[in-house]
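Chain residues, written in single-letter form:
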Amino acid sequence: MGLKTPLYNKHVEAGARIVDFGGWDMPLHYGSQKEEHHAVRGKAGVFDVSHMTIVDLRGDQAGEVLRRLLANDVSKLQDSGKALYTCMLNEHGGVIDDLIVYYMDDAWYRAIVNAATREKDLAWMRQHAESCGVTVNERAELAMLAVQGPAARDLAAPCIDAEWREQALALQPFTGMEAGDLFVARTGYTGEDGWEIVMPAASAPASWDRLLAAGVAPCGLGARDTLRLEAAMNLYGSDMDENVSPLEAGLGWTIAWQPADRDFIGRAPLEDLRANPERRRFVGLLLEDKGVLRNHQRVIVDGKADGEITSGGFSPTMGKSIALARVAAGDYDRAQVDVRGKLLDVRIVKTPFVRNGQVRIEL
Amino acid sequence: MSDLPGDLLYTTEHEWLRREDDGSVTVGITDHAQAALGDLVYVELPEIDQDVDSGGDMAVVESVKAASDVYAPIDGRVVAVNEELADDPEKINAEPYGDGWIVRLQPTSDIDESELMTPDAYQALLDEEDA
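Quick notes on the rules
- Residues numbered from 1 in each chain as written.
- Chains lettered and ligands numbered in written order.
- Predicted model: local features only at pLDDT ≥ 70, side-chain atom pairs only at ≥ 80, totals over all residues.
- Axes fitted to C-alpha atoms, helices over the stretch in contact; angles between N-to-C directions.
- Helix = DSSP H or I, 4+ residues; strand = E, 2+ residues; numbered from the N terminus.
- Parallel < 35°, antiparallel > 145°, perpendicular 65-115°, else oblique.
- Left-handed = near helix turned anticlockwise from the far one by under 90°.
- Contact = placed C-beta atoms within 7 Å.
- Pairing = 2+ DSSP bridges.
- Core = buried A, V, L, I, M, F, W, Y, C linked by C-beta atoms within 7 Å.
- Buried ≥ 20, exposed ≤ 12 C-beta atoms within 10 Å, placed from the backbone.
- Nonpolar A, V, L, I, M, F, W, Y, C, P; charged D, E, K, R; others polar.

Once that is clear, we can look at the packing of helix α2 (residues 33-42) of chain A against helix α8 (residues 221-230) of chain A. Residue and element names in this part refer to chain A. Close contact between α2 and α8 brings their axes to 8 Å; oriented N to C, the two are set at 55°. Taken together, the axes of α2 and α8 are oblique relative to one another. Both α2 and α8 take part in a crossing whose hand is right-handed. In this structure, α2 uses Gln33, Glu36, His37 and Val40 to contact α8, whose residues at the interface are Gly222, Ala223, Thr226 and Leu227.

Structure representation (structure tokens):
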């Protein structure tokens, strides 16, 4: 028996196939993973992401602590509710976790981190925050729903008090706000428009029922993975971990190099790797033949078999298999993948594969 | 869980077999197997006339979630494959015991039914896995 979110009974009620996910009993799908995927691309779906860890950092020095802890720079966040995607690195420049951090006010930041990394994240944050008088408070009493898809915000709007609704609908991408006892943000992990809504655990079941009644499809972890893969959004533990630099995981864009004197943890090894022409590439792959690319399959470029698929699967939107892979440095646009002993041809493509319902690469 | 067809034999690898009147054997995966795999997206079929050994790899079924080998339940020669699965692998999800059949084999040695499971024995295996 694993940990259960406040929506566990709702998942069972909706016919979920429950699987263990980092110690949590979570829905894999409610019948058809592919139909859930298409619901999000075409209309709206809701994911229970209450297993994720919400952390409030409070104190006058909170901003300064995060400028040292995170590879992206929270001083970019000037307006309340503005969010930043970033990695938290160790001294070797490896990724402890990837997270979203919201600036609430000068003495309050909210971070949302992965479930499987909860304990080490909290320990690392506390180690660097408490000596500066910043408290690190996990908000385990909160639930979170991700409502995603082109119709998601319209269909989810009634879940928000009338008093706040208009303002919530006007939220810009990657921005959040408090709405009574809710926290609403225009963020997600699918490549579609939508909201992530943080709420007291006790109100989660009623919000869930309301969304389903409005025609929002319940979606499980399976669809969440194929959607994020099409959107080329990294998955911690698959695409990067403590032994991988963000520079070799396609996350160079999340590193704030300026100002040059900001001494964030992991900066020095990152500077070295940045100057290294042998640094590995992180690329998208499209399998032109039939078959399915899977995690850990070998990728062969220029006769060298030292590349590896970090996330592979089948794209329901494209009807083809796609992958994210870490490959040797070099300029090439084709490769081969060892799929169960057969070498199949793949094309190296610019990601994302799919965004806002549209296929973004040439098939 | 739906009732198991009574005219089939089963394996511990969640495959089913039907002995046809012409002596050939049709093979597919069970409803339990398709449900565990989830939506199928690709099926790799063997070549016609290929010889297979009991217990050896014969085909691969891949779902959105995972790839899974289909093992030959008997020694035989492949006499037919379900070509329709190439374009519509989800036939296996929809009708695992019907249009979702995978391979037809001509046995190349006597079939030892004691190696296979009756519907009752297979149901007992499923009940045990659920427990």
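Picking up where we left off.
Judged by pairing direction, the barrel is antiparallel, and its six strands sit side by side in the order β14-β17-β16-β15-β18-β19 (chain A) before closing back on the first. Each strand of the sheet is rotated relative to its neighbour by a mean of 40°, with strand direction disregarded.

Turning next to the nonpolar core. Residue and element names in this part refer to chain A. By size, the foremost hydrophobic cluster in this structure holds 134 residues, and its most contacted members are Leu57, Val101, Tyr109, Val147, Ile197 and Leu285. When residues of this core are assigned to their parent elements, the largest contribution, seven residues, is made by strand β6 (residues 95-105). Residues in contact with leucine 285, not counting those within four places in the same chain, are Leu293, Ile322, Ala323, Ala325, Ala335, Val337, Val346 and Ile348.

At the junction of the two partners, chain A supplies 13 residues and chain B supplies nine residues. At the level of secondary structure, the elements contributing two or more residues to the side of chain A that touches chain B comprise α2, α8 and β16 (304-315) of chain A. Of the residues that constitute the side of chain A that touches chain B, the class distribution is two nonpolar, seven polar and four charged.

All names here are of chain A. That bond from glutamine 258 to proline 259 is cis: its omega, -5°, falls within 30 degrees of zero. Geometrically, the link from threonine 351 to proline 352 is a cis peptide bond, its omega value of 5° lying close to zero. The topology assignment puts proline 352 in the loop between β19 (342-349) and β20 (354-355). Phi is positive for phenylalanine 174, which is not a glycine, with a value near 65°. Mapping phenylalanine 174 onto the fold places it in the loop between α6 (162-169) and β10 (176-179). Assessed through the 16 C-beta atoms surrounding it within 10 Å, phenylalanine 174 is described here as partly exposed. If you check the backbone angles, arginine 340 has positive phi at about 50° while not being a glycine. Summarising the element assignment, arginine 340 is placed in the loop between β18 (334-339) and β19. The partly exposed category is assigned to arginine 340, around which 15 C-beta atoms lie within 10 Å.

Across a sheet, paired strands are connected by hydrogen bonds in the backbone, their directions being either parallel or antiparallel. All names here are of chain A. Spatially, six strands are ordered β10-β11-β12-β9-β3-β13 in an open sheet, and the strand pairing comes out mixed. The open sheet is flanked by β10 and β13 (217-218), the only strands paired with a single partner. In the sheet, strand β3 (residues 45-48) pairs with strand β9 (residues 142-148) via four bridges, with the strands oriented antiparallel. Residue pairing across strands places glycine 45 opposite glutamine 148, the latter belonging to β9. The sheet strands contacting helix α7 (residues 204-213) are β3, β9, β12 (194-200) and β13, and the helix crosses β9 at an angle near 15°.

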